[in-house]
Amino acid sequence: MFNILLSANAEKPPVYTILFAGNNFQRLLWGLFVTLRVSLIAVLLSLPLGILFGLFMRRKDPISRGISQLYLAFIRIMPPLVLLFLVYFGTARIAGFHLSGEASGILVFTLWGTAEMGDLVRAAIGSIPRHQKESGRSLGLSSWQIYRYIIIPQTVRRLIPLSINLITRMIKTTSLIVLIGVVEVLKTGQQIIDANRFQYPKASIVIYTVIFFLYFIVCFPISQLGKYLEKKLKV
Amino acid sequence: MEEIVQEQLLEIKDLEKSYEDDSPVLKDISLSVKKGEVVVLLGPSGCGKSTLLRTIMGLERIQGGEILLEGKNIVGKSEEARKERQNLGMVFQSYDLFPHMSILENLLLAPMKVQGRKREEAVQEARELLARVHLSDKENAYPSMLSGGQKQRVAIIRSLMMHPKLMLFDEVTAALDPEMVREVLDVVMELSEQGLTMLIVTHEMGFAKAVADRVLFLEGGKILEENTPENFFQKPDTERAQQFLQNFSYVSHRHVGR
């Protein structure tokens, strides 16, 4: 009895080897791919929808204002996790169809990203001085030309650093979809740790460190790109 | 006997303007500007002189009256009015160059996009104008690299690129450091010598006196006095104008009672 325990102890391989045991590393990369699939689809949908929502938020009539403020407040007040539960469990209960965890994740993060992006767009347009528009008009430019040549180029320059920040936030926050059963990078890591509890009792430190670096490898270039663009397009 | 009729370029009849809360800003304003004339609008702040320029430019809605440029309506959103307004140029108090474009691009945007002019031809004119305001070396600079006075000179020639029949100047030196006021006003003086019709709002009294063919004094949204610059600055007709002008003269009290 003692022998078995002792020998098991003696045979334990160094803890970092867990990373390449079996197909663990490929599994982690696949998990990262799932994370990115959810977050990047949501990002790609949020950016154009957010621009439209931002323009909608600039409307002055009370109905449009009411709708846009209600929407923004709803998304901001609700923790993203509650939104995920609401969509994932709620659609089955109320609408009577089952939405997969990944689809729920994409839906929720698109709703979230659209609201946040919309608010950024609204603020960016609002921060352009009134005189820019007026000097455009006094030069005889049409409203469309004023938007095309004066307002939009300046808005885009202001938006780039802000939207880059939003994109990395979205990538990081998608880790919440673990809780509606999506096996992404974090969940895959937990599975590896659990499956190797006896052979590698200290696996968690290695796996979580690797996951940290995986997130870093994805988010760091994006934020560097943002910094680069910000410098290059500086007004 | 032949009657000499000087052509009226701008005619304003019974202009009424009030803000949304119904407080009137301009009341029953009528004035006309002849071709080649320089009219200076003076008055205490809040008297409506800037608003008057903005209404002429079509930046403010009006509640009544007419504004005609060479007899054609320039009020409202109609395509005709917008086309006619292209004959107006305006320079504002704040530096309003487009910050994301180089100086040359600032000058070329409207001539190319609004008038559909050829780039080479517009570039040539832009360079001539830049030379005239001594900024030839700045054509590839961005507005943020220029001083306030330099920006205003570019703003003026950016308007001139459109060959306006009437230029509106809305306190173009009010935001400038004192030592830069001169370089901008010299450009405006030069334009008046060349016969450009101008309507100028300013707080620079010395400049007003030198540049004006006619002075209009506004208060409370009304034209209180119309006069030649000589008379206006020597002995204005109205008491209000007298009080106004006193704000600009200083009396030394240091040696009183010595």
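Residue positions are counted from 1 within each chain, in the order its sequence is given. Starting at A for chains and at 1 for ligands, labels are handed out in the order in which the entities are written. This being a predicted model, a pLDDT of at least 70 is required before a residue's local features are given, and a value of 80 or more before pairs of side-chain atoms are given or counted; all residues contribute to the totals for chains, interfaces and linings. Side-chain figures throughout are based on the complete set of non-hydrogen atoms in the structure, without hydrogens or water.

**Digging into the sheet that holds strand β3 (residues 38-42) of chain B**
Residue and element names in this part refer to chain B. The following threshold applies: Strand pairing is assigned whenever DSSP identifies at least 2 bridges connecting the two strands. Numbering of helices and strands runs from the N terminus; a helix is a DSSP stretch of H or I covering at least four residues, while a strand is a stretch of E covering at least two. Convention adopted: a line fitted to C-alpha atoms gives each axis, helices being fitted over their contacting stretch, and angles between N-to-C directions are expressed from 0 to 180 degrees. For this analysis, residues touch if any pair of their heavy atoms sits within 4.5 Å.
In spatial order, the strands read β6-β7-β8-β3-β9-β10; together these six strands make up an open sheet with mixed pairing. Whereas interior strands pair on both sides, the edge strands pair on one side only; in this sheet they are β6 (88-91) and β10 (222-227). Going across the sheet, the axis of each strand differs from the next one's by a mean of 20 degrees, ignoring polarity. When β3 meets strand β8 (residues 197-201), the two strands line up parallel, connected through four bridges. Paired with Leu41 across the bridge in β8 is Val201. Sitting on the sheet, helix α5 (residues 148-160) touches β6 and β7 (166-170), and the angle it makes with β6 is about 170 degrees.

**Remarks on the side chain of A:Thr110**
Along the chain, A:Thr110 turns up in helix α5 (residues 101-126). Not counting residues within four places of it along the chain, the set of residues in contact with A:Thr110 comprises A:Ala42, A:Leu45, A:Ser46 and A:Leu49.

**Brief notes about the UniProt feature "domain: ABC transmembrane type-1" (unreviewed entry) in chain A**
Filter applied, for reference: UniProt positions are given in the numbering used here, feature names are shortened, and annotations may be inferred rather than shown by experiment.
Following the UniProt record, one finds the feature "domain: ABC transmembrane type-1" (unreviewed entry) at residues 32-219 of chain A. End C-alpha atoms of residues 32-219 of chain A are separated by 12 Å, and the span's content is 81% helix alongside 0% strand.

**Describing the UniProt feature "transmembrane region" (unreviewed entry) in chain A**
Residues and elements named next belong to chain A. Summarizing the sequence annotation, UniProt attributes the feature "transmembrane region" (unreviewed entry) to residues 28-57, 69-89, 166-185 and 205-225 in the numbering used throughout. Strand forms 0% of residues 28-57 and helix 100%; the C-alpha atoms that close the span are 41 Å apart. Its end C-alpha atoms 26 Å apart, residues 69-89 is made of 90% helix and 0% strand.

**Concerning the confidence of the model for chain A**
Operational definition: A score between 0 and 100, pLDDT records how confident the predictor is in each residue.
When pLDDT is averaged across chain A, the result is 87; 94% of the residues are at 70 or more. Every residue in residues 1-7 of chain A scores below 50 in pLDDT, and together they form zero contacts with partners more than four places removed in sequence or on other chains.

**Some thoughts on the interface of chain A and chain B**
Condition: Using a 1.4 Å probe, buried area is obtained as the accessible area two parts lose upon being combined, added over both of them. We count a salt bridge whenever a side-chain nitrogen from Lys or Arg sits within 4 Å of a carboxyl oxygen from Asp or Glu. Polar contact is defined as a pair of N or O atoms within 3.5 Å, subject to the rule that within protein one atom must be able to donate a hydrogen and the other to accept it, and that residues adjacent in sequence are counted only when both atoms are side-chain atoms.
Counting from both sides, the interface comprises 19 residues of chain A and, opposite them, 24 residues of chain B. Summed over both partners, the interface of chain A with chain B comes to about 1,900 Å²; 61% of that surface belongs to carbon and sulfur atoms. Applying the counting rule to chain A against chain B returns one salt bridge. The tally of links from chain A across to chain B stands at nine residue pairs in polar contact (both at pLDDT 80 or more).

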